[in-house]
Amino acid sequence: MTEPFLGEHVPNDVTRFSERIRPESTPVLSEMEAYAHREGFPIVGPDVGAWLCQLARINDATRVFEFGSGYGYSACWFARALPDDGEIVLTEQDAENLDRAESYLERLDAADLAAVEVGDAVDIASRYDGRFDIALIDIEKYQYVDAFEEIRDSIPPGGTIVADNTMSAGRDVPDDTVDFDALLSVLTSEIDDLRRTSLPEETRRHTQGIIDYLTHIREQSAFETTLLPLGDGVTVTTRLR
Ligand SMILES: C[S@@+](CC[C@H](N)C(=O)[O-])C[C@H]1O[C@@H](n2cnc3c(N)ncnc32)[C@H](O)[C@@H]1O
């Protein structure tokens, strides 16, 4: 399995601890993890995946919207918790990834839960009606605020918007990097502008996307956010009213 990028910031012992506590990946999920490892594909990983599944159980979730589904790893964890009449909307710009997602979901007997949509996730969200108990944001970092704004009115009180990579990203995909140290420096006001750093342009863009997102969600009085330092770090934003 791919080591989480936070490895250098979260003691490896915590990850090893978590491995012994959370539910084990099923054979299909393990196969998907091996694929991510081989291809360097950035999935949420088993610690976050197992937690997404638990979140869906706690919320009695029936409907989930994913911004950025890749080849369906996070969706497969959600699928474990949804009732037979539930729905997961998977969105992905790469049709081949989604074909792969469909075949994994079929193998888990969960294909009936899936609405599979190729295209821009934010555009797709604008075409969906009704409430979603959970939304997962895992697309280009500079689109996180747009994704939040597009889905916020579909989240009921008690519902949750989860965003991945809110502490780091990019060990496997170097041009898709969120820089942990730069992020922390801005959050703690050590620096006020990423242009003062020597980060490569793409890293700056993605890191700025996360800064904008974290600033945005903290300003939302109808929502409350906490941080889960697992995987690459996820924010958990719950609607209060
Ligand atoms: C980090 S991966 C998603 C991983 C997935 N959530 C999981 O853990 O299994 C991000 C995916 O989002 C897709 N993506 C990025 N921006 C997108 C957008 N605006 N609309 C749809 N897909 C997007 C990428 O092609 C990539 O497959």
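We now turn to the structure provided with this report. All of these numbers come straight from a predicted model, not from anything done at the bench.

With that out of the way, let us pick up the overall build of the protein chain. A count of helices and strands for the protein chain gives 9 helices and 7 strands. Relative to the 2.2 N^0.38 estimate, which gives 18 Å for 241 residues, the radius of gyration of the protein chain is 17 Å and therefore close to what a compact globule would have. Taken along the three principal axes of its C-alpha coordinates, the protein chain extends 50 × 40 × 35 Å. As displayed, the protein chain has an accessible area near 11600 Å², and 45% of this comes from carbon and sulfur atoms. Averaging the locations of the 21 positively and 48 negatively charged side chains of the protein chain gives two centres separated by 4 Å.

Turning next to the pattern of salt bridges. Applying the stated criterion across every chain yields a total of 9 salt bridges. Across the pair Asp133 and Arg131 runs a salt bridge whose closest N-O atoms are separated by 3.4 Å.

This next bit is on the packing of helix α2 (residues 27-39) against helix α5 (residues 95-107). With their axes 10 Å apart at the nearest point, α2 and α5 run at an angle of 155° to one another. As summarised for this structure, α2 and α5 are arranged roughly antiparallel, according to the angle between their axes. On α5, the residues that touch Val28, Glu31, Met32 and Tyr35 of α2 are Arg100, Tyr104 and Arg107. The class makeup of the residues in the contact of α2 with α5 is 4 nonpolar, no polar and 3 charged.

Around the ligand sit 19 residues, and of these Glu92, Asp120, Ala121, Asp138 and Gln143 come closest. Here a nitrogen atom of the ligand and a side-chain polar atom of Ser74 are 3.0 Å apart. One nitrogen or oxygen atom from the side chain of Glu92 is found 2.6 Å from an oxygen atom belonging to the ligand. Protein contacts shield 93% of the accessible area of the ligand, which totals 600 Å² for the unbound molecule. Looking at the shell around the ligand residue by residue, the class counts come to 7 nonpolar, 8 polar and 4 charged.

Basis of the calculations
Residues numbered from 1 in each chain as written. Predicted model: local features only at pLDDT ≥ 70, side-chain atom pairs only at ≥ 80, totals over all residues. Heavy atoms only, no water. Helix = DSSP H or I, 4+ residues; strand = E, 2+ residues; numbered from the N terminus. Rg over C-alpha atoms; globule rule 2.2 N^0.38 Å. Areas by Shrake-Rupley, 256 points an atom, 1.4 Å probe, with all protein chains shown as cover. Lys, Arg positive; Asp, Glu negative; His and termini not counted. Charge placed at Lys NZ, Arg CZ, Asp CG, Glu CD. Salt bridge = Lys/Arg side-chain N within 4 Å of Asp/Glu carboxyl O. Axes fitted to C-alpha atoms, helices over the stretch in contact; angles between N-to-C directions. Parallel < 35°, antiparallel > 145°, perpendicular 65-115°, else oblique. Contact = heavy atoms within 4.5 Å. Nonpolar A, V, L, I, M, F, W, Y, C, P; charged D, E, K, R; others polar. Near = heavy atom within 4 Å. Polar contact = N/O pair within 3.5 Å; in protein donor to acceptor, adjacent residues only side chain to side chain.

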